[in-house]
Amino acid sequence: MSSAAPREETPDSNADDGSPSRAPGPGDRLCARVACGAPAVATLTADYGGSVMAVGPLSPERTPPALDLCPKHRDRLTPPAGWTLVRHDPGREPQEFSQ
Ligand SMILES: [Zn+2]
C-alpha cells in the first residue's frame, strides 16, 4: 500500500529582487519652474545658436540643458524677444530643424 501523498503546493516565494530596470513614468519628473512641482509632461529645449526654443512631449531621458515643464507652464511658455518657439504636438509629425 503506497499512500500517494499529494504534493504540497509551495507558495510563490516573494520575488524580492530589487527592481531591475525602472522606466521613467509620468510623475517621475517635475516641472522645472521654481515653486511649481507639478508633474512634467513636456520638455523644453533651446537652440541658442538659432534662437529657437522647442517644446514637445517629455523626453525619455533627462538632458541637462532641457527643462521639464508641466502642462500649465508649457502652455504659458513665451519665447524671449528674438526667439522662435516651436511646439511639437504629440500625435503630430514632429518638425525637425537642420542646423
Ligand atoms: Zn509648472
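Treat the numbers as computed from the prediction; the structure is a model and nothing was measured.

1. Let's talk about the environment of lysine 72
Part 1 of the argument: Mapping lysine 72 onto the fold places it in helix α1 (residues 71-76).
Part 2 of the argument: For lysine 72, a count of 13 C-beta atoms within 10 Å corresponds to the partly exposed category.
Part 3 of the argument: Separated by 36 residues in the primary sequence, lysine 72 and cysteine 36 have C-alpha atoms spaced 9.8 Å apart.

2. Section: the environment of tyrosine 48
Part 1 of the argument: Among the structural elements, tyrosine 48 can be located in the loop between β1 (42-47) and β2 (52-57).
Part 2 of the argument: With 35 residues separating them in the primary sequence, tyrosine 48 and tryptophan 83 have C-alpha atoms 9.1 Å apart.

3. Focus on the nonpolar core
Part 1 of the argument: Among the nonpolar cores identified, the biggest contains 10 residues, and these are Cys31, Ala40, Ala42, Leu44, Met53, Val55, Leu58, Leu67, Leu69 and Cys70.
Part 2 of the argument: Those elements that place two or more of their residues in this core are β1, β2 and β3 (67-69).
Part 3 of the argument: Here valine 55 is in contact with Ala42, Leu44, Leu69, Arg74, Leu77, Leu85, Arg87 and His88, once residues within four sequence places are set aside.

4. Side note on the pairing of β1
Part 1 of the argument: Two strands pair when backbone bridges link them, and β1 and β2 are joined in this way by six bridges, in the antiparallel orientation. Across the sheet, residue aspartate 47 finds its bridge partner in β2, namely valine 52.
Part 2 of the argument: Linking two consecutive strands that pair antiparallel, namely β1 and β2, is a turn of four residues; a positive phi of about 55 degrees is found at serine 51 within it.

5. Structural notes on unusual backbone geometry
Part 1 of the argument: Look at alanine 35: it is not a glycine, yet its phi comes out positive at around 60 degrees.
Part 2 of the argument: Even without a glycine there, the phi angle at serine 51 is positive, about 55 degrees.
Part 3 of the argument: Its location among the elements puts serine 51 in the loop between β1 and β2.

Calculation notes
- Residues numbered from 1 in each chain as written.
- Predicted model: local features only at pLDDT ≥ 70, side-chain atom pairs only at ≥ 80, totals over all residues.
- Helix = DSSP H or I, 4+ residues; strand = E, 2+ residues; numbered from the N terminus.
- Buried ≥ 20, exposed ≤ 12 C-beta atoms within 10 Å, placed from the backbone.
- Core = buried A, V, L, I, M, F, W, Y, C linked by C-beta atoms within 7 Å.
- Contact = placed C-beta atoms within 7 Å.
- Pairing = 2+ DSSP bridges.

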